[in-house]
Structures are given as C-alpha cells and as structure tokens.
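# Results of the structural survey
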Amino acid sequence: MIDPQDDDSADRVDDEPPDEPPDDVQPDRVPPDGAPPSGGRESAGDPVLVADGGFGDESGATNEPRISFYGGKWASTIPLAFFIVWAIFQSGVLGIGDTNGLVIGALVGTILGMFFARGDWKTYADTIFEGMTQRVAATAIVAWLWAGMFADTLQVGGFVEGLIFAANALNVGAATFPAAAFVLCGLLATGIGTGYGATIAFVTLFFPAGVLIGANPVLLFAAILSGAVFGDNLAPVSDTTIVSAVTQDADIGGVVASRFKYAIAAAIPAFAAYLIAGSIMSGVSLEGAVALRESANALGLVHLVSMGTVILTAVAGRHIVEAISWGLVVAVAFNLAFGLSSVSDVLVFTVPEAGTFSSLPFVAVGETAGVGGSLYTGATGFFPLIVLTLLIVAMAQIMIRGGGFAAIQEFLLNSVATNVRRAELTMVLGTATINGMITINTAAEIAIAPYIARIGEKFNINGYRRANILDANTSALGYIFPWAGGVLVGYQVMVGPGGLGEQYGAEMVVNPIEVVPYVFHGWFLVIVFLLAAITGFGREYIPDRISEEVSRA
Amino acid sequence: MSRFEKFLAGWSFRGSTPDYEPGDVLEVMVTGDAGGETVARIGDSTLRIEDAPDDAVNTRIRVAVETWDETAHRGTGIYRETVGGSAF
C-alpha cells in the first residue's frame, strides 16, 4: 500500500481535475430534494473512472421513506428538532441539567411528530420500536450499566481520598495546585469514566483544599473541569467513549488506544498552561483549617490498579463487559481486603426489622426497605440516560424512515463535505455546534452520531477516527460554557444547600462564565482536532485496519 | 495488531488521496452506485468495483485491486465478498 503526500487534486468542487468530463456528463449527484439522480455516465462499461465517489446512491427502492408526513420529508425531523429546541431551552437557557427533563422533551417531541404522520399511525409507532431495538442502543446500555457499577465501587473505595494523599505527598503548593488538580482529576475521571462524577468529587473535596492554601479559585475550577474533559474523552468506561465507539462500529479498547495521541497532544500544553497561569493568577485570602486534607488516605491509590485492569484489558481487545467485570472484581477485592469499604457499601439489602438473614454482611436493618450500595447506585444512576438514549434513537429512526435524515445527509455531502478534508471539518464543527447547544453531552453525541457515521463512511474514514472526532468536542464542550452540564454540576456543589459558599463564604464560589477561557484541555482538544482535520494528523481509512470487538459485542 | 501497536497507529499526517497497488485486497465501504458503476471513495481516491451486488451501496465488502492510477488516484477492483454493513 502506498501513502502519498497530501494533495487537493480530488476536491471536486473548487478545482475540477483536468481529466474530468464536462459538467453535463458529470457522474450522478443527488439533487437537494433527494430525487433520483438525473445525470449519469454515457456508458457504464466505459473504463474512465467515476470522479465523485458515487454519492448518487440514496435513491431507489432501498431508501424509500416508509412514513409519509404532512409537510414532506422535512416534517420527519420534527421529533428530534423539537427535542433539540427543548434541550437548548432547558439546559442552555434555563441552566437545568436534568436528564429526566430531557426524557420528557423526547416523549413530547415523539408525540408531536405523530400528528404530522399521514395515514395509519401504527407505522409511526412501529418505527419507535424499530429504533429502540437497534443494536447500537443496546450495546451502549450494557456498557453503561457495567461502567456505572465500577465507577461507584471506586468512589466508595476511597479513590478520591487516595488522590488527595498523592497531592499532599507531592507537597503541592498554591501555584502548582491547579496543574496537580488537572492531572489527578484526569486520573479519577479516567478511572470512573464520568466527568460529572469526577467534577463533583473534586469540587467537593479538592477544590476547597486548594483554595484554602491559596490557589486561584477560577483557575482551580477550570483545571478540575479540564481533568473531567480528559477522563470523559479517554476512559474506556466513559459514557461518551462508549457511545462514540459503538455508533462508529469500533471496539472500545481500540478507540481508547487510538485516542491517546490526541488526548496527550492537548494535555501536555494544558498542563504547562496551568503551571504558568498558576504562578501568575493569585489566590484569595481565606482563613480556615485545612481539615479536608485530613481525609487523605494512601490506600485509596490501590484503585489505580483497578483502573489499570480495565484499561489494559480493554486495550488488549477483550470485550468491554469482560474488561469492566475484571476491574470490578479487583476493585471489590481491594475494598474488602484493605478495609476501604464494607460489603454493605458495595451491596446492601435494607429490611425494616431484624430477622433470620440480618446477620449477613449485605443485609442491614433500616427505616425503609430497599436495595443499595455502589453496584445498585452505579447501575441505576444510568437509568435516565438509558431511557433518553432509547428515545433519541427512536426519533432518529423516525427521521430515517421519513426521509429527513437522507435529505440532511445529501445536503451535507453535496454542498459542504465535498472532499475528505471538508468532510472531517464538517464532522468536527458539526459535533462542536450540537454540543455547544445541547450541553448534556452524551445526549448531544447520540444525536449527531448517525451523521458522523454516514459522512465518514462516504469517505471510508476509519471507525476509530470517526469515534475520536465525535468524542473530542462532546467531551470538551460539555465542560467549557457556563450552561454546560459539567460546569453546572460543579457550580451546584458550590451554591447548593450546604454547599461550599455556605461553608466557606462567597470566595469559594466561582462564576461559571469566568472559567470559560481557562478550561485549557477542552480548548486544546478542539484545536487539536481542527488541526487534525486540516493536516490529516491521525487520519486512518477503513482499509487500513479493521475494528476487532464490535462483532462480538 | 499488538497492544503497543494500537497506541502507535495513526501517529502520522495522512494524505487525502491514499494509493493502492494491484493485488491489494481491501475491506472498504461501498460509497456509491453512480451511473451503473459501483464505487468506493477512500478519502478523495476512488475505486470502481466490478461484479458487485446490486445492493452493495452502504455495505462493507472485500475487494481485490486490479488496476491503480497513482496520478489520478483512481483504480478498479473485483468484488470478493460482503463482510458487513453501515455502522448506523
């Protein structure tokens, strides 16, 4: 295989190659209205090769819309469009980061779209089921359930306290505290896979410790958010990593390995930027005991091994369910062996009255009967996102069956993504735009994923590359803007009932808009991918290598 | 591919017009069916595929490269088998 230097000879929009036939005999292109192509080569047997990659492919019986809408095929976008508007209003305008609220938006949008469907509404209803039963949704759901159990088991096992110990042991001062927070929060987020969870843990414990020793609060909060971006982007157990991989037909371990280069290219300058900014930006003057640092516990660092087990097993090509299961076994064993948590912290059945089984370590007596522990909270914590995912893929399926999906795709392919570089830029900017608007980043990622898949496939861009483009902006922009879900959860820790503001005063509360310029890793990740699309850094094509795991998922 | 190689893959600036040689057997996504010709666009290079099924578009196939023009970044190949479909 030969890999030549880049050239633009194939840009069929701006520079027609000299060997192209005149416009009136150009190969088929799909008209904007999605009608069958009208042009065509004079002779199918002619040895001259087609020039446009054959984008005129969406016509014919295989792509006939199955649902007819009042208002044409664009009306099939109503459910998803309504949901996006709802999501922007809820999360962007009102600043409410509630996934359950988005579920209601999706339900209302789905009902609204039905009123525009012509004829028997049974077809519309059947399409909802058809969408929900797609493999892409099931694969993500399974991975989330496992990842949730693992993440919460690390939390109850004192991983955060271990990281605080590491900061103490390294004698981190005020100037270097933001850089240390970036690295340690990145480690935590990579381990537990949820940037939101890492943000909450670090803003609760690490942020006040840093501010009390003189670190700049704005920079420190931004550094924590940067760490969350790093972990959300790279962790094999991250919800966004999982969605990016399974929607692009790529194995999760391979995606993590291929993503490493982009993450490091952004993280190294971000670390340097935090060191420099930390020495320039002064802290606030606060009197108070640094009692939080007393929570440090070296033993919590054993979960670096739990985390490493998942990462290495996944990268080795094992199924993500197997990888996380091994990590979970190791984490539970460490928790119990080192006394980091009790059995009931991991799993507990609470009964109102003592009985035959109440002596068992996983049975407790309490006021209310129920099941709890890290396995329970970890899995159930993903339930709202799972329901939302099912509804989003159902809405996307309605759009596909109604012809709206093909119409948007044809517009992008015929007018915007006309060569591979423009296609990748379209993918980067498209994910940035949708993530800038829908700030619960996994929801945004699921909504844009089908377009990334189809646009990328039209240029045979490898699934790993597509997954990386999809996830970079999803991870980054979910933690930069003031209305972003990641920023809001951290801010909530500061201003909520009994939050840092009440405990320490107004100096411990950071205005979300102030952190925007300082989420260095997020910004650098966006820049890295813009440059990667332009220069071809990291680009791989489908023939280069084949994903390993998805066929076994 | 070893674990280490997975981390090293893609550390390069890749061109937009990959070239191949006759005899290469590739796994590609069929991207179009224009004017009766089944084609796979790989980056900005184009591979015309002969003997492909009528419904090959948006399927992943194995194809043996027959000819390749490195100047025009275009070639022809023979369909071998269908190995998968679109990711979404």
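Residues numbered from 1 in each chain as written. Chains lettered and ligands numbered in written order. Predicted model: local features only at pLDDT ≥ 70, side-chain atom pairs only at ≥ 80, totals over all residues. Heavy atoms only, no water.

## Considering the overall build of chain B
If you tally the helices and strands in chain B, you get 1 helix and 6 strands. Reading chain B from its N end, one meets helices and strands in the order α-β-β-β-β-β-β. In chain B, which comprises 88 residues, the proportion classed as buried is 59%. Here the contacts in chain B between residues at least 6 apart in sequence split such that 55% fall between residues at least 24 apart. For chain B, the accessible area works out to roughly 3500 Å², and carbon and sulfur atoms hold 47% of it. (Helix = DSSP H or I, 4+ residues; strand = E, 2+ residues; numbered from the N terminus. Buried < 20%, exposed > 50% of the residue type's maximum accessible area, 1.4 Å probe, protein only. Contact = heavy atoms within 4.5 Å. Areas by Shrake-Rupley, 256 points an atom, 1.4 Å probe, with all protein chains shown as cover.)

## Some details on the sheet that holds strand S3 (residues 370-372) of chain A
All names here are of chain A. Strand order in this open sheet of 3 strands is S2-S1-S3, and the pairing throughout is mixed. Edge strands, defined here as strands with exactly one partner in the open sheet, are strand S2 (363-365) and S3. Across the sheet, the axes of successive neighbouring strands diverge by a mean angle of 30°, strand direction being ignored. Across 3 bridges, strand S1 (residues 348-351) lies against S2 in parallel orientation. Directly across from Val351, in S2, lies its bridge partner Val365. (Pairing = 2+ DSSP bridges. Axes fitted to C-alpha atoms, helices over the stretch in contact; angles between N-to-C directions.)

## Thoughts on the packing of aromatic side chains
Per the counting criterion, the structure on display carries 20 aromatic pairs over all chains. Centroid distance Phe537 of chain A to Trp11 of chain B: 6.2 Å. Interplanar angle 75°. Geometry classified as edge-to-face. Of this pair, Phe537 of chain A sits in the segment after helix H23 (520-535) while Trp11 of chain B sits in the loop between helix H1 (3-8) and strand S1 (25-29), each in a different chain. The exposure class assigned to Phe537 of chain A is buried, which follows from its relative accessible area of 14%. Cluster of aromatic residues (ring-pair linked, three or more members): Phe182, Tyr274, Tyr518, Phe520 and Phe524 of chain A. (Phe/Tyr/Trp six-rings, centres within 6.5 Å; stacked < 30°, edge-to-face > 60°.)

## Focus on the layout of surface pockets
Residue and element names in this part refer to chain A. Of the voids in this model, the second largest pocket is the one considered here, and its volume is about 680 Å³. As for the second largest pocket, its lining consists of 28 residues, of which Thr99, Thr194, Tyr196, Gly197 and Gly381 are closest to the centre. Of all the secondary structure elements, the ones that give two or more residues to the lining of the second largest pocket are helix H4 (135-156), helix H7 (195-212), helix H14 (374-380), helix H15 (383-402), helix H18 (441-457) and helix H20 (485-495). (1 Å grid on protein atoms, 1.4 Å probe; cavity = no way out; pocket = protein on both sides within 12 Å on 5 of 7 lines; lining within 4 Å. Points joined across faces, edges and corners; volume = space filled by probe spheres on them.)

## Things to note about a nonpolar patch on the surface
Taken together, the side chains of Tyr70, Ile111, Leu112, Phe115, Phe116 and Trp121 of chain A present a nonpolar region at the surface, about 560 Å² in accessible area. Checked against the element boundaries, Phe116 of chain A lands in the loop between helix H2 (99-114) and helix H3 (121-132). (Patch = residues over 30% accessible without salt bridge, like charges linked within 9 Å, V, L, I, M, F, W, Y side chains within 5 Å. Salt bridge = Lys/Arg side-chain N within 4 Å of Asp/Glu carboxyl O.)

## Some words on the side chain of Gln397 of chain A
Residue and element names in this part refer to chain A. With respect to the helices and strands, Gln397 occurs in helix H15. By relative accessible area, which is 5% here, Gln397 ends up buried. Discounting residues that sit within four places of it in the chain, Gln397 has contacts with Thr127, Glu130, Gly131 and Gln134.

## Observations regarding the sheet that holds strand S2 (residues 32-34) of chain B
What holds strands together in a sheet is hydrogen bonding between their backbones, with the strands either parallel or antiparallel. Residues and elements named next belong to chain B. Read across the sheet, 6 strands follow the order S1-S5-S6-S4-S3-S2 without closing on themselves; strand pairing throughout is mixed. The open sheet is flanked by S1 and S2, the only strands paired with a single partner. Mean inter-strand twist for the sheet, computed between neighbouring axes without regard to direction, equals 45°. Sheet analysis places strand S5 (residues 59-69) next to strand S6 (residues 74-85), joined by 10 bridges and oriented antiparallel. Residue pairing across strands places Trp68 opposite Gly75, the latter belonging to S6.

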